[in-house]
Amino acid sequence: MELKAIGVLMTYPMSSYLEQELDKRFNLFRLWNLPQKNDLFKENSGSIRAVVGNTKVGADRELIDSLPALEIVSSFSVGLDKVDLVHCKEKGIRVTNTPDVLTEDVADLAIALMLATLRGICECDRYVRGGLWKKSDFKLTTKFSGKKVGIIGLGRIGTAIAKRAEAFNCPISYYSRSQKPESKYKYFPSVVELASHCDILVVACALTEETCHIINRQVIDALGPKGFLINIGRGPHIDEPELVSALIERWIAGAGLDVFENEPHVPEELFGLDNVVLVPHIGSDTVETVKAMADLVVGNLEAHFSKKPLLTPVFID
């Protein structure tokens, strides 16, 4: 089959390398470049057989229903909260994502956020640049080594975070939907219990209806004024207004956040606080990993249209 005749819809600008590779192989449509989306669907709905989405714009029910020839959704992400998986399954649409290749980078960033938040690294940088060191030494910060780390979600990324934290002599505990008998880490049957028994609480689970706002006021109170919160999952895992209040009022010691509820919009109340580190959803954003993710997206599409086994199927055929 001539791949160039196959229409692929890219929903959002996510990687110039991925865009180039798709453009070389397929008839690529860029959703963000099209002011009249309905006209695109009317004119090309019969030829668009694949959608490439990401954590910002995936494939919801409306998009899926507007593309009657759609066969596969290949997500440039490991998380699939922007893809209507139930509707895809009902319509026999295959779905792939990019697991494993981004695990190390996201876990690295989780540790970086812990160190930056506890040791005040970003604040220290501003202190030196602002010429304040000439006037006085910087305040004392919090030791990271040996802190009790609690992880919500002990999947690939959660496990990679745990291994890294162990190198800092951090005792590890976790919460997940069910206890993992093969794990050596201590299990807590609720997030509140986990929060009350750790110094650093890390959100590393998938975003589902059940995990939306899994970090609420009760969890924040259990974490307490000496506790730190790290989120490398998804923004809606946290009740953001409650977290903002907690950081302003010092109900918790601090937070390191890679994700937010309404990205790229971040609560402006956080900008003036010295107890929170903010980064713009960069968990997997390294040159090496973005290329590996892009290759996996393209590889899945090529496999599907060549009638070969998918590399990383979400549903087992």
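As the structure is a prediction and not an experimental result, all values here were calculated from the model. (Residues numbered from 1 in each chain as written. Predicted model: local features only at pLDDT ≥ 70, side-chain atom pairs only at ≥ 80, totals over all residues. Heavy atoms only, no water.)

## Focus on the overall build of the protein chain
Our working rule: Secondary structure elements follow DSSP: runs of H or I of four or more residues count as helices, runs of E of two or more count as strands, with numbering from the N terminus. C-alpha atoms define the radius of gyration in this analysis, and the globule rule sets the expected value at 2.2 Å times the number of residues to the power 0.38. Think of it in three bands: with a 1.4 Å probe and only protein chains considered, a residue is buried below 20% of the maximum accessible area for its type, exposed above 50%, and partly exposed in between.
Counting secondary structure elements, the protein chain contains eleven helices and twelve strands. For 317 residues, the compact-globule formula gives about 20 Å, and the C-alpha radius of gyration of the protein chain, at 22 Å, lands near that figure. Taking the principal axes of the C-alpha coordinates as reference, the protein chain spans close to 65 × 50 × 30 Å. Every one of the 317 residues in the protein chain was classed for burial, and the buried ones make up 50%.

## Structural notes on the packing of aromatic side chains
The following threshold applies: To pair, rings of Phe, Tyr and Trp, with the six-membered ring standing in for Trp, must have centres within 6.5 Å; the planes then decide the type, stacked if under 30 degrees apart, edge-to-face if over 60, and tilted in the middle. Here, a charge over a ring is recorded when the distance from Lys NZ or Arg CZ to the ring centre is within 6 Å and its angle to the ring normal is within 35 degrees.
Counted under the stated rule, the structure contains four aromatic pairs. Seen in terms of ring centroids, F144 and F168 are 4.8 Å apart; in terms of plane orientation they differ by 55 degrees. Their pairing is tilted. Highlighted residues: F144 in the loop between α6 (121-129) and β6 (149-152) and F168 in the loop between α7 (156-166) and β7 (172-175), separated in sequence by 24 residues. With relative accessibility at 27%, the residue F168 sits in the partly exposed group. With a centroid separation of 5.2 Å and an interplanar angle of 55 degrees, the aromatic rings of Y174 and Y187 are classed as tilted. Taken as a pair, Y174 in strand β7 and Y187 in strand β8 (residues 186-187) lie far apart in primary sequence, 13 residues in all. By relative accessible area, which is 0% here, Y174 ends up buried. The cationic tip of K186 hangs over the ring face of F188; the distance from NZ or CZ to the ring centre is 5.1 Å. A cation over an aromatic ring shows up here: R217 above the ring of W251, its NZ or CZ 3.9 Å from the ring centre.

## What about the sheet that holds strand β10 (residues 228-231)?
Formally: The pairing criterion for strands is at least two bridges between them, as found by DSSP. Any two residues having at least one pair of non-hydrogen atoms within 4.5 Å are treated as being in contact. As a rule, the C-alpha atoms of each element are fitted with a line to give its axis, helices using only the stretch in contact, and angles between N-to-C directions run from 0 to 180 degrees.
The sheet built from seven strands is open, its strands ordered β8-β7-β6-β9-β10-β11-β12 with parallel pairing. Strands with a single pairing partner mark the edges of an open sheet, and in this sheet they are β8 and β12 (276-278). Taken together, the two bridges between β7 and β8 define a ladder with parallel strand orientation. Each bridged residue has a counterpart across the sheet, and for Y174 the counterpart in β8 is Y187. Each of β9 (200-203), β10, β11 (254-257) and β12 is contacted by helix α5 (residues 103-118), which is oriented at about 150 degrees to β10, the strand it contacts most.

## Points about empty space enclosed by the protein
As a reminder of what qualifies: Here a cavity is any set of points on a 1 Å grid over the protein atoms alone where a 1.4 Å probe fits but cannot get out, and a pocket is any open set with protein on both sides within 12 Å along at least 5 of 7 lines; a residue lines the site when it has an atom within 4 Å of a point. Grid points are joined across faces, edges and corners, and a volume is the space filled by probe spheres set on the points. Nonpolar residues are Ala, Val, Leu, Ile, Met, Phe, Trp, Tyr, Cys and Pro. Charged residues are Asp, Glu, Lys and Arg, and all others, Gly as well, are polar.
Taken as a whole and assessed by the stated rule, the structure comprises one cavity of 30 Å³ or more. In this structure, the largest cavity spans a volume of roughly 40 Å³. Along the walls of the largest cavity sit N231, G235, I238, E240, L243, L257, V259, F260, E261 and L270, which together make up its complete lining. When the residues that make up the lining of the largest cavity are grouped by side-chain class, the tally is six nonpolar, two polar and two charged.

## Overview of unusual backbone geometry
Trans peptide bonds make up the majority, and among non-glycine residues the majority have a negative phi. With an omega of 5 degrees, the peptide bond running from E263 to P264 counts as cis. As for its placement among the helices and strands, P264 is situated in the loop between β11 and β12. One non-glycine residue, N169, lies in the positive phi region at around 60 degrees. Tracing the backbone through its elements, the reader meets N169 in the loop between α7 and β7. Its relative accessible area of 63% is what places N169 among the exposed residues. The backbone phi angle of H213 is positive, close to 60 degrees, even though this residue is not glycine.

## Considering the nonpolar core
Nonpolar side chains in soluble globular proteins generally cluster together in the buried interior. Put simply, the rule reads: What we call a nonpolar core is a set of buried Ala, Val, Leu, Ile, Met, Phe, Trp, Tyr and Cys residues that are connected through their side-chain atoms within 4.5 Å.
Counting residues in each nonpolar core, the largest one holds 53 residues, and the members touching the most others are L18, L22, M114, I161, I200, I232 and L301. Looking at this core element by element, the count peaks at nine residues for α5. Setting aside its immediate chain neighbours within four residues, I161 contacts A107, A110, I111, M114, I151, V202, A204 and I232. One finds Y175, L194, V203 and L247 within the second-largest nonpolar core, a separate group that totals 29 residues.

## With respect to the UniProt feature "domain: D-isomer specific 2-hydroxyacid dehydrogenase NAD-binding" (unreviewed entry) in the protein chain
Rules: UniProt positions are given in the numbering used here, feature names are shortened, and annotations may be inferred rather than shown by experiment.
When the UniProt feature table is mapped onto this chain, "domain: D-isomer specific 2-hydroxyacid dehydrogenase NAD-binding" (unreviewed entry) is found at residues 111-283. With 29% helix and 14% strand, residues 111-283 has end C-alpha atoms that lie 11 Å from one another.

## Overview of helix α10 (residues 240-249)
We count it as follows: Our arc is simply the arc of the directions from the helix axis toward the C-beta atoms.
Turning to α10, its buried residues number three or more, namely E240, L243, V244, A246 and L247. Within α10, the buried residues cover an arc of 165 degrees as seen down the axis, which keeps them to one side. Buried positions along α10 lie against α9 (217-223), β10, β11 and β12.

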